[in-house]
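Residue-level structure breakdown
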Amino acid sequence: MVKLKDIAEACNVSVATVSRALNGLTDTNRGRTEEIRRIAREMGYYPNAAARALKTNRSYNIGILYEDKMNHEYFSVLIDSLRENAEVNGYDLTFISRTDKVEHAKGERMNYYEHARRRNLDGVVVIQADFNSSEVIRLATSSIPVVIIDHEYEGCDCVLSDNRRSMEQIVEAVYNAGHRRIAFIHGEDGNVTRSRTAGFYKSCAEHGIKVPQEYVKDGHFHDPARCVQPLLELLDLPKPPTCILFPDDYSCLGNLGVLEARGIRIPEDLSIVGFDGIRLTEMMKPHLTTYSQDAWEIGHQAISVVLDAIENEDEHEPSQIHVAGKLVAGETLGKL
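In what follows, the accompanying structure is described. (Residues numbered from 1 in each chain as written. Predicted model: local features only at pLDDT ≥ 70, side-chain atom pairs only at ≥ 80, totals over all residues. Heavy atoms only, no water.)

**Focus: the overall build of the protein**
The secondary structure content of the protein amounts to 13 helices and twelve strands. The long-range fraction of contacts in the protein, counting pairs at least 24 apart against all pairs at least 6 apart in sequence, stands at 70%. Entry remark: accessible area of the protein is about 16800 Å², with carbon and sulfur atoms responsible for 47%. (Helix = DSSP H or I, 4+ residues; strand = E, 2+ residues; numbered from the N terminus. Contact = heavy atoms within 4.5 Å. Areas by Shrake-Rupley, 256 points an atom, 1.4 Å probe, with all protein chains shown as cover.)

Laid out in structure tokens, this is it:
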């Protein structure tokens, strides 16, 4: 069995330093702490979770709140990042969802805050939820360290994809390709849609592009069927757009058949741009022009922020972190 003394000798530090590093109590620099943890893992050291919890008054468990089905690549990458970065720091993840049957003694379902307290969670990362619900707001504004992904609450830690800037980059690329009639099918109302729509209008205005009201359509994220009608309305306009921006890659790819049925060639007759940068786009022909979100970095930042809130409770200040992605130049954005 590997002991703290063995790790201390391997790291050339004291046993006390190793103990502080492995229990999140170290006063050494972060790089040294991570090195000690790495060497401990390589040596096969596994701390006694119960003993560690008694010493630190923590469960070393972070809750993940996700209300919808996890059927999108962005969220799978994000969750992988959360899991790996949590494990590196000695924490486990516990999912909280509406399917939980946790109830009070009175037979009433616990709300998210009560559930987190019952599980003795050290913190919670909210990936996807109804951010207007009182239940989510109660959790976000509680004493439990909470990080919100892709939504903003005043005074709360938030990690967001840079949605406004991403749309500005997309419009700039489309403009540089010669397009002036640019339409936008966006997702359902929410922080993400509002930020992207603001970025779309801002960039169009900066490039002198006037956007007709009928060029901006309500769609739905990750649901191609609910983007068919707005797409057909755009195609049937007396002066249809030369380029259409879709809310995400799935909605874009899922409507290629609609365009083909209309005899529309991509990009000869119409240019299209997706969003997310899912791997499937690399296998299609022509390759989809899209914007790739950095889901891995978003997860990494979310864990870093929630750990700072947990381990440095007195000094921690809420922050909003915007994570940039990148435009993926494909073949569906043609030049005019």
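Next comes the rest of the write-up.
**Quick notes on the environment of E214**
The residue E214 is located in the loop between α9 (191-206) and β7 (216-218) in this model. Note: C-alpha distance between E214 and E233 (19 residues apart in sequence) is 8.6 Å. Among all residues touching E214, those that are not within four sequence positions of it are L234 and L237.

**What about the sheet that holds strand β8 (residues 243-245)?**
Read across the open sheet, the four strands follow the order β7-β6-β8-β9; overall the sheet is parallel. The outermost strands of the open sheet, each flanked by one partner alone, are β7 and β9 (271-273). The sheet shows a mean angle of 20° between the axes of neighbouring strands, direction not considered. Bridge analysis of strand β6 (residues 182-186) against β8 gives three bridges, and the strand direction is parallel. By the bridge assignment, F184 is partnered in β8 with L245. Seen against the sheet, α9 touches β6, β7 and β8 and runs at an angle of roughly 175° to β6. (Pairing = 2+ DSSP bridges. Axes fitted to C-alpha atoms, helices over the stretch in contact; angles between N-to-C directions.)

**Notes on the sheet that holds strand β3 (residues 123-128)**
The strand order across the open sheet built from six strands is β2-β1-β3-β4-β5-β11, with neighbouring strands paired in parallel fashion. Strands with a single pairing partner mark the edges of an open sheet, and in this sheet they are β2 (92-96) and β11 (320-323). Averaged over all adjacent pairs, the angle separating strand axes in this sheet is 20°, with direction ignored. Sheet topology note: the strand β5 (residues 157-161)/β11 ladder contains four bridges and is parallel. What sits directly across from V159, in β11, is I321. Helix α5 (residues 73-88) contacts β1 (61-66), β2, β3 and β4 (146-149) of the sheet and is inclined by roughly 165° relative to β3.

**Here's the deal with the packing of helix α1 (residues 4-11) against helix α2 (residues 15-22)**
In contact at an axis separation of 8 Å, α1 and α2 are set at 105° when each is read in the N-to-C sense. Between α1 and α2, the angle falls in the class roughly perpendicular. In contact with L4, K5, I7 and A8 of α1, α2 contributes V15, V18, S19 and L22. Of the residues that constitute the contact of α1 with α2, the class distribution is six nonpolar, one polar and one charged. (Parallel < 35°, antiparallel > 145°, perpendicular 65-115°, else oblique. Nonpolar A, V, L, I, M, F, W, Y, C, P; charged D, E, K, R; others polar.)

**Considerations on the pairing of β5**
Burial runs high along β5: five of the five residues are buried. Here β5 shows no split at all, with D157, V159 and S161 on one side and C158 and L160 on the other all buried. Pairing between β4 and β5: three bridges, direction parallel. Across the sheet, the residue bridging to I148 is C158, located in β5. (Buried < 20%, exposed > 50% of the residue type's maximum accessible area, 1.4 Å probe, protein only.)

**A short note on the nonpolar core**
Counting residues in each nonpolar core, the largest one holds 25 residues, and the members touching the most others are I62, L78, L82, V125, I127, I149 and V306. Only β1, α5, β3, β4 and α13 (295-311) provide two or more residues apiece to this core. Examining the composition of this core, we find that eight residues originate from one element, α13, more than from any other. In this structure, I96, L121, V124 and V136 belong to the second largest nonpolar core, which totals 20 residues. (Core = buried A, V, L, I, M, F, W, Y, C linked by side-chain atoms within 4.5 Å.)

**Comments concerning the packing of aromatic side chains**
Under the definition given, this model contains seven aromatic pairs. Considering the side-chain rings of F184 and F200, the 5.2 Å spacing of their centres and the 40° angle between planes classify their relative orientation as tilted. Here F200 lies in helix α9 and F184 lies in strand β6, a separation of 16 residues in the sequence. Exposure class is identical for F184 and F200. Each is buried. Grouping aromatic residues by their ring pairs yields a cluster made of Y66, Y74 and F75. The cationic tip of R138 hangs over the ring face of Y113; the distance from NZ or CZ to the ring centre is 3.9 Å. (Phe/Tyr/Trp six-rings, centres within 6.5 Å; stacked < 30°, edge-to-face > 60°. Lys NZ or Arg CZ within 6 Å of the ring centre and 35° of its normal.)

**Describing the pairing of β4**
Residues V146 and I148 line one face of β4 and the alternating positions V147 and I149 line the opposite face, and both faces are buried. Bridge count for β3 against β4 is three bridges, and the pairing is parallel. Opposite V125, over in β4, you have V147 as the bridge partner. For the segment spanning β3, helix α7 (residues 134-140) and β4, crossover handedness is right-handed. (Right-handed = clockwise from strand over helix to strand, strands pointing away.)

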